[in-house]
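# Observations on the three-dimensional arrangement
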Protein chains: 2
Amino acid sequence: MDKTEISKGGSARARVKDDGKPVLLGELENYVGFHLRLAQSASFKAFRRLTGESDLRPGWFAVLAIIHNNPGITPMALSRASGRDKSTITPVLRELLREELVRRSANPADKRSYALFLTPHGEEKLAHLAACAAEHDRELDEIVGDKKQELIRLLRRIVAVLD
Amino acid sequence: MDKTEISKGGSARARVKDDGKPVLLGELENYVGFHLRLAQSASFKAFRRLTGESDLRPGWFAVLAIIHNNPGITPMALSRASGRDKSTITPVLRELLREELVRRSANPADKRSYALFLTPHGEEKLAHLAACAAEHDRELDEIVGDKKQELIRLLRRIVAVLD
DNA sequence: TCAAACTGGTTTGATATAAAACTAAGTTGA
DNA sequence: TCAACTTAGTTTTATATCAAACCAGTTTGA
C-alpha cells in the first residue's frame, strides 16, 4: 500500500465502519436498479454453486434451452432471445460446437447464417442443467412465494421498456 | 419481406427463426433467475445511456454514494455494502483516488485498513451521478408503478436468503 | 442491374467481475 | 509470549460481457 497517499487525518471523529455495523445506503436504498444488481448477482452465484461441480457453465443453460425450444434458430435470434450481445454468443457457440453439444447446418437461403440444433449429447447436458435450474428455481420460489408471477411480470416490463 | 417462412429446400423442416417471430423460451419463461438477468442488464444499459456522455462510470455511483453516506467506511465494508468482491473494489478506489474524488486516511487502530471520505470534488461528481440515477429511477418507477416497494422487498429477500 | 445500404457473424479491444494466492497486520489461546 | 489463526487489502489469473470495426453475403432503389 502506498502510505504516502494516506493523509494523517487527525480527524478524531473519523469513524471507521466495521463489520457488524449497519451501513447506511441512503438514496440507494430505494433504487430498483441497485437491488436488481444485488439480486441478480446473488441468484447467479447460487446457481453456480449448484452447477459448479460439473463441467457445465451457467452461461450455457439459457443457450441450450433456447436452442432446444427453437430448433434451427440462428445465432442472431439466439442472441436477442438470451439477452446477450451477438459477439458474446460467438465464443459460447464455438465451445458448444467443440464439445459437440450443438451442431449447425448451413442455410442455403442465406449463406451468412446457419441453423442451430442440439445433439443427443447436448440434450443430455441440458437435462442435467435443467435439473440444477429447477432446484435453483425452487429456492427462489420459496423466497418470493405467491408473488412470483407478479415479480416476473415486473421484470419483463422493465426489459420491454428499457431495452 | 418475410423470410421467416423460408425453410430450406429438401431437408427436414428445419425452421430458421427470424426477427419478428416470437422465440419460445419454454421453462425459461418461468425462471426468476433468467428474468432477473435480463432486467438487470436492461437497467444497467439504460443507466449507462444516461451517464455515458460524461466521464462518469456507472460502477462509481454506488461506491461514491456509500462513502458519502458512511464517511470513514473501510474498503471491506464498502465491498460488502456494494455487493462486489473486495478485489473488484481495489481498482475502483485506485481510480477514484487518482481522480481525487475520494481521499483516505490511515486508521491508527488497524494499520491494515484505512478510512474513506469524499473530497469536495467527489461530492460534486456524486451529485451529478445522483441526478442521472434519479432520472433513471423515475423511468423505472413509471414501469413498476405502485409495485415498487413490493419489488424491492422481494429483491432484498432474494439477496438475504441466497447470498 | 449494380452500387449503396443493410444484416449476420466474427474479431478485437476495453471493462467488469470473481476467485485464489499472497502480504502484512491483528487476535487468540495455551 | 509467541505460534497459529484470522482479517484487510492487493495482485494475479480467468471469465463474461459489450461495442466497434470488420467481412461477406443480401436487399434495395435509382
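In this report, we go over the structure that sits alongside the text. (Residues numbered from 1 in each chain as written. Chains lettered and ligands numbered in written order. Predicted model: local features only at pLDDT ≥ 70, side-chain atom pairs only at ≥ 80, totals over all residues.)

## A short note on the protein's contact with DNA strand D
Note the cut-off: All residues are tested the same way: a C-beta atom is placed from the backbone, and lying within 6 Å of a molecule or strand makes the residue near it. Counting from the N terminus, the helices are the DSSP runs of H or I reaching at least four residues and the strands are the DSSP runs of E reaching at least two. The nonpolar class holds Ala, Val, Leu, Ile, Met, Phe, Trp, Tyr, Cys and Pro. Asp, Glu, Lys and Arg form the charged class, and all remaining residues, Gly among them, are polar.
As a matter of local geometry, DNA strand D sits amid 26 residues, with Asp85(A), Ser87(A), Thr88(A), Met76(B) and Ser87(B) nearest to it. Secondary structure elements with two or more residues in the surface near DNA strand D: helix 4 (86–98) of chain A together with helix 1 (32–51), helix 3 (75–82) and helix 4 (86–98) of chain B. Top contributing element to the surface near DNA strand D by residue count: helix 4 of chain B, with 4 residues. Of the residues in the surface near DNA strand D, the class split is 7 nonpolar, 8 polar and 11 charged.

## Digging into the relation of the copies chain A and chain B
Put simply, the rule is: Alignment of copies: least-squares fit on C-alpha atoms of residues with pLDDT of at least 70 in both copies. Note that contacts rest on C-beta atoms placed from the backbone: two residues are in contact if these are within 7 Å.
With an RMSD of 0.1 Å, the operation that places chain A on chain B is a rotation of 180° combined with a shift of 0.0 Å along the axis. In short, the pair behaves as if placed about a two-fold rotation axis. The fraction of interface residues of chain A whose copies in chain B are also interface residues reaches 92%, indicating that both copies meet through the same surface.

## What about the protein's contact with DNA strand C?
Near DNA strand C there are 23 residues, and of these Met76(A), Ser87(A), Ser113(A), Asp85(B) and Ser87(B) occur at the shortest range. Counting only elements with at least two residues in the surface near DNA strand C, the list comes to helix 1 (32–51), helix 3 (75–82) and helix 4 of chain A together with helix 4 of chain B. In terms of residue count, the dominant contributor to the surface near DNA strand C is helix 4 of chain A (4 residues). In the surface near DNA strand C, the residues fall into 5 nonpolar, 8 polar and 10 charged.

## Digging into the interface of chain A and chain B
Each partner contributes to the interface: chain A provides 71 residues, whereas chain B provides 71 residues. At the level of secondary structure, the elements contributing two or more residues to the side of chain A that touches chain B comprise helix 1, helix 2 (58–69), helix 3, helix 5 (120–144) and helix 6 (148–162) of chain A. The residue makeup of the side of chain A that touches chain B, split by class, is 38 nonpolar, 18 polar and 15 charged.

## Regarding the environment of Trp60(A)
Residue and element names in this part refer to chain A. Tracing the backbone shows Trp60 in helix 2. With 30 residues separating them along the chain, Trp60 and Asn30 place their C-alpha atoms 33 Å apart. Contacts of Trp60, omitting those with residues within four sequence positions, involve Leu96 and Leu129.

## Let's talk about helix 4 of chain A
Formally: How far a helix is expected to stretch is found by multiplying one less than its residue total by 1.5 Å.
Counted at 1.5 Å a residue, the expected span for helix 4 of chain A with its 13 residues is 18 Å, and the 18 Å between its end C-alpha atoms agrees. Looking one or two places after helix 4 of chain A, you find Glu100(A), whose phi comes out positive at around 55°.

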